[in-house]
Amino acid sequence: MALQWLILSYVVAAEVVIAVVLTLPYPMLVKKRVVSLVSLILQPAASIVAFAGFQLLDIYWKSEHRLSCSSEVCTATERDRYEKSIYKAQRNVVLCAAGILLYWCIYRICKYNKDLERLEEAEKRYKDE
């Protein structure tokens, strides 16, 4: 079960690196190449949204069907195990939300740069006329 969270954490780390690379100030030619490369990666990487959404649904289902340990019948070990599972679920929700949010940010940054490039080309055409 931990493999899916390891994969998701690596994907989120890669998204952070991509977002940082996209927001660094580069010369215009390098920026265009980086944006076009990341844009090619974006469509196959959209599966991370579905994967994170599925994981969120799984966390929700498990939290709804989890045995609660809030009465005096529970031992200290059971209570610790219950609290640990709650903390892990909260960490995993943050990880899923970060994956979805970072994908959206990368998508918007690429779209912004492409729109900016298109507007600069239109401005250049109007100046040449």
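In every chain, residue numbers begin from 1 and rise along the written sequence. Since the coordinates come from a predicted model, pLDDT governs what is reported: local features require at least 70, and pairs of side-chain atoms require 80 or more to be given and counted, while whole-chain, interface and lining totals use all residues. As a rule here, side-chain values come from all non-hydrogen atoms in the structure, and water together with hydrogens is ignored.

Draft legend 1. The arrangement of the overall build of the protein chain in detail. Helix and strand definitions follow DSSP, with helices as H or I runs of at least four residues and strands as E runs of at least two, each counted in order from the N terminus. Counting its secondary structure elements, the protein chain contains 4 helices and 0 strands. In sequence order, the secondary structure elements of the protein chain are arranged as α-α-α-α. Within these notes, the globule rule equals 2.2 Å times the number of residues to the 0.38 power, and the radius of gyration is based on C-alpha atoms. The C-alpha radius of gyration computed for the protein chain amounts to 22 Å, which surpasses the reference 14 Å derived for 129 residues by more than 25%, pointing to a less compact arrangement than a globule. Summarising its shape, the C-alpha atoms of the protein chain cover approximately 85 × 20 × 20 Å along the three principal directions. Across the 129 residues in the protein chain, those meeting the buried criterion constitute 25%. For each residue, the accessible area found with a 1.4 Å probe, counting protein chains only, is set against the maximum for its type, and the residue is called buried under 20%, exposed over 50%, and partly exposed in between.

Draft legend 2. The arrangement of the nonpolar core in detail. Put simply, a nonpolar core is a bunch of buried Ala, Val, Leu, Ile, Met, Phe, Trp, Tyr and Cys residues held in one set by side-chain atoms that sit within 4.5 Å of each other. Judged by nonpolar contacts, the single largest core of 20 residues is most densely connected at W5, L8, L22, V38, L42, I106 and C110. Elements with a contribution of two residues or more to this core: α1 (2-23), α2 (28-45), α3 (47-64) and α4 (76-128). Broken down by element, this core gets its largest block of residues, 8 residues, from α4. In this view, I106 contacts E15, I18, A19, L22, V38 and L42; residues no more than four positions away in its chain are not counted. When checking whether two residues touch, look at their non-hydrogen atoms; a contact exists if any pair is within 4.5 Å.

Draft legend 3. Representation of the layout of surface pockets. Grid points spaced at 1 Å over the protein atoms alone were grouped into cavities, where a 1.4 Å probe fits but cannot get out, and pockets, open sets with protein on both sides within 12 Å along at least five of seven lines, with lining residues defined by an atom within 4 Å of a point. Grid points are joined across faces, edges and corners, and a volume is the space filled by probe spheres set on the points. Taken as a whole, the largest pocket encloses approximately 390 Å³ of empty space. Around the largest pocket, the lining comprises 13 residues; the ones closest to its centre are W5, K62, S85, K88 and N92. Breaking the lining of the largest pocket down by element, the ones donating at least two residues are α1, α3 and α4. Per-element tally for the lining of the largest pocket: the top contributor is α4, with 5 residues.

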